[in-house]
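# Examining the three-dimensional arrangement
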Amino acid sequence: MSLSWALLLLVPSLMECAPSWSYGWGNTWQDLPFCSSDPVPCDMALKMYAATSPNSQEIYNTDRQICTCPDGNTCPSGWITQGDKTITRDILSRGRRIGIALHYCNPLGAVRSCEDGETAMVMEGGNIPERIRSVNCKCQGQDPMKIKKSYMVGWKWNHDLVCDMPRCNINRSDGGMCEKIRKVRDPQTWLETYVNTNLCECPTGYDCIQESRLNKEVFYGALDNRGTEFIITFMDNKILENRDIQPEIFITTAKSHLVHVTVTSPGVQNSHLHDSFSITNGHVKRVAVDTSYRLNQTEFSKKGILIQADDEIVVYGVNREVYSDDGYLALPTDVLGTEYYTMSYSPSYYYCVFAVIGVQDQTHVAIQLPNTPHVNVTYKGHMYTKNQWINVTLDRFSTFELHAVPDLSGAHIVSDKPVGVLSGNRKAVVGNTGGSRDHLVEMLLPVSSWGKNYATVPIPERAVGDIFQFLASEDNTHVNVSGVINGKAFHDHFTISKAGTYAKKEYDSALYSHITSDKPISVFQFSKTQKGGTDLADPAMLIVPPIEQYAADYTFTTPEYSKGEYTNYFMFVVDVAQKNGLRLDNHPLPHNQHYVTIPGSNLVAGFLKVSVGTHSVTHTNPTTVIGGILFGKANLESYAFPIGLLLTPVNTVRN
């Protein structure tokens, strides 16, 4: 797996041209020091377009001041050029065009023209520029600049941009080699990293992906939910009818060849969990693990379950008891982060829970309890209360669960190495529609992958409304919700005052909405408790995928109901101009499929029932990104989770 301009977690190899796909977008925040005497930009305006064409739709626009001009000079801003104080240029980034305007405090004077192959600009950052390190020369003509080389400097990725690059020949016998990857050791951080050198530009409709020299199987280079190593766990659930059901792991793949998988628990002494099998596209493997692997209340143990494969797989964890079920999309170890905020539902009924999973030995984790009245957690004989920090050291496969009856939402988890985090409730009533309860769980996205743009689809075929909780990562976060309810416009606007706190909203069951915020947020959608009669569903907790993290294709599978089968729904979001190209299991959606246009966006959304088993979601245009959610309902049980997503670190770490 890889990041478009970031770390490639792969063996050194060559790259080939293959049908392309898109990455997400985001912007960053910086302090405003005085500008140095060096000619560095004082302001940077950015635009992102839906495709590489300069006439394609604008989907993102921001203007960010970088530093304050000294000596009373003013810094230009926006897209109004200021003569020789402004440089404008376009950059191509994995199927999208980024327009950039760099403004300077003082006139630059004449900037010489670039020679063939010369680096025109050096840029620092992830999917979107955070900083321009240098402008060496100017390009002739209006063609966008291309990334020639990406490499680490300290903890930041740098990218050398050139004016032009030769076009790749995809008809060559070697498939059209387009990129080389070389493993190096960073002299500042002493980390093993990679230098990615682009050799040529892929033709329109193609992108650069890696081919393994061992099995000659092409796979996509994205930081997403697909991976070859996962470490997961299960939080505690409520047993009914004296029947303790085993937690389940569902594993599938998009690969057409056999993928070999092992499931073990190296941290558990005398473990009997050792399952080896092979899967291929269209097949799913269900692995049941002993109930002793469930965590219980506040517990420090080594119950991490290791799932390894020789090629990319998709993993779901399902924690099922009688009338108490929820599932989560598992995230591979290479996309986990070092900062999280937890989410639960309150009132908790039994209690709120979250669990931290160790991925590397000697991982130092600090957990600040939320500012919730009366919250307390007892660990090793010491009681911790609101806003206090709990410090632990996790090894690989360590699992640390905390529980409390008061709301644990907004607990702040910070670590010096990546960790995984599950969060939710042992079993809760959601809303005021009835008294039945259900287990709630999701595997959380690290803060670095949160977004500022979301689209929501209502829980299908219900009329009791949905509950949303909007969790902020920064103080004074402004959120705007624009939607439509049965053809009527809907608007809501609110401010979340503190990082780690959330706004709770109850919206109509017919609401399709577009959510925007000025700072990164995480959005959670809750299915309410069953009302009775024909309303056969129950609580479930869902992470709404950020639009920035939509991917181009997915493979997913449905879990099992404790007393039979769920009614399963695929909920989707796609560009209105691309809706006819959406494919489920390689087939178009039904001719009578209902689409709802989401106000304030270029998106439409809808849902349809899917059968039990493994499914694929693709598009006839491989650059089109799609949002997808899987929801299942049955009598007194429901589940919900994203079918997949990118985990591009679109947000820089905040100081």
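Starting from 1, residues in each chain are numbered consecutively following that chain's sequence as written. Residue-level local features of this predicted model are given only where pLDDT is at least 70; pairs of side-chain atoms are given and counted only at 80 or more, and the full residue set underlies all totals for whole chains, interfaces and linings. No hydrogens and no water enter the side-chain calculation; it runs on all heavy atoms of the structure.

Burial classification: accessible surface area is computed with a 1.4 Å probe over protein chains only, and a residue below 20% of its type maximum counts as buried, one above 50% as exposed, and the rest as partly exposed. Helix and strand definitions follow DSSP, with helices as H or I runs of at least four residues and strands as E runs of at least two, each counted in order from the N terminus. The buried fraction of strand 46 (residues 637–642) amounts to six of the six residues, a majority that puts the element mostly inside the structure. Burial along strand 46 is two-sided: Glu637, Tyr639 and Phe641 facing one way and Ser638, Ala640 and Pro642 facing the other are all buried. For two strands to be treated as a pair, DSSP must find no fewer than two bridges joining them. The turn joining strand 45 (residues 626–634) and strand 46, which pair antiparallel and follow one another in sequence, is formed by two residues; a positive phi near 65° is taken by Leu636.

Relative to the helices and strands, Ser517 is located in strand 36 (residues 511–527). In terms of polar contacts, Ser517 uses its side chain to reach the backbone carbonyl oxygen of Lys519, at 2.7 Å. If we skip the residues at most four places from it in the chain, Ser517 touches Gly451, Lys452, Thr477, His478 and Val479. Polar contacts, as counted here, are pairs of nitrogen or oxygen atoms within 3.5 Å of one another; within protein the pair requires one atom able to donate a hydrogen and one able to accept it, and residues that are adjacent in sequence qualify only if both atoms are side-chain atoms. Residue contacts follow a heavy-atom distance rule, with two residues in contact if any of their heavy atoms lie within 4.5 Å.

Planes of paired rings set the category: under 30 degrees apart is stacked, over 60 is edge-to-face and the rest tilted, where pairs are Phe, Tyr or Trp rings (Trp by its six-membered ring) whose centres lie within 6.5 Å. All told, the structure shown has 18 aromatic pairs when counted by the stated rule. Both rings, one in Phe234 and one in Tyr328, keep their centres 6.3 Å apart while their planes meet at 55°; by these two values the pair is tilted. Of the two residues, Phe234 sits in the loop between strand 14 (227–232) and strand 15 (248–252) while Tyr328 sits in strand 21 (residues 324–329), which places them 94 residues apart along the sequence. Summarising the burial analysis for this pair, Phe234 and Tyr328 share the class buried.

Within the largest apolar cluster, 124 residues are counted, with the highest numbers of intra-cluster contacts made by Ile249 and Ile307. Sort the elements by how many residues they give to this core and strand 20 (residues 305–321) lands first, with nine residues. Excluding its chain neighbours within four sequence positions, the residues that come into contact with Ile307 are Thr228, Glu229, Phe230, Ile232, Ile249, Ile251, Val261, Thr262, Val263, Ile313 and Val315. Nonpolar cores were defined as sets of buried Ala, Val, Leu, Ile, Met, Phe, Trp, Tyr and Cys residues, with membership established by side-chain atoms within 4.5 Å. In this structure, Met121, Ile132, Cys139 and Met145 belong to the second largest nonpolar core, which totals 21 residues.

Attention now moves to the state of the cysteines. We call a pair of cysteine sulfur atoms a disulfide when they lie within 2.5 Å. All told, the structure shown has five disulfides when counted by the stated rule. With a sulfur-sulfur separation of 2.1 Å, Cys69 is cross-linked through a disulfide to Cys105. Given an S-S torsion of about -90°, the disulfide between Cys69 and Cys105 has left-handed geometry. Linking Cys69 in the loop between strand 3 (58–65) and strand 4 (86–93) with Cys105 in the loop between strand 5 (96–103) and strand 6 (119–125), this pair joins segments that are 36 residues apart in sequence. Cys105 matches Cys69 in its accessibility class, with the two residues each being buried.

Counting through the fold element by element, Pro588 comes out in strand 41 (residues 587–588). We classify Pro588 as exposed; its relative accessible area is 51%.

It is worth spelling out the sheet that holds strand 46 at this point. Across the sheet, which stays open at both edges, the five strands sit in the order 42-43-39-45-46 with antiparallel pairing between neighbours. If you trace the sheet from one side to the other, it starts and ends with strand 42 (596–597) and strand 46, each paired once. By the bridge criterion, eight bridges tie strand 39 (residues 567–575) to strand 45 in an arrangement that is antiparallel. Looking at the pairing, Asn568 lines up with Gly632 of strand 45.

The next thing to look at is the confidence of the model for the protein. Per-residue pLDDT for the protein has a mean of 83; in total, 84% of the residues score no lower than 70. Known as pLDDT, the predictor's confidence for each residue is given on a scale from 0 to 100. Ranking the elements of the protein by mean pLDDT puts strand 13 (residues 218–219) last with 31 and strand 35 (residues 502–507) first with 98. Predicted confidence is poor over residues 1–30, with pLDDT under 50, and the contacts of this stretch with residues over four places away or in other chains come to 159 contacts. This stretch, residues 210–221, has a pLDDT under 50; its non-local contacts, to residues over four places away or in other chains, come to 35 contacts.

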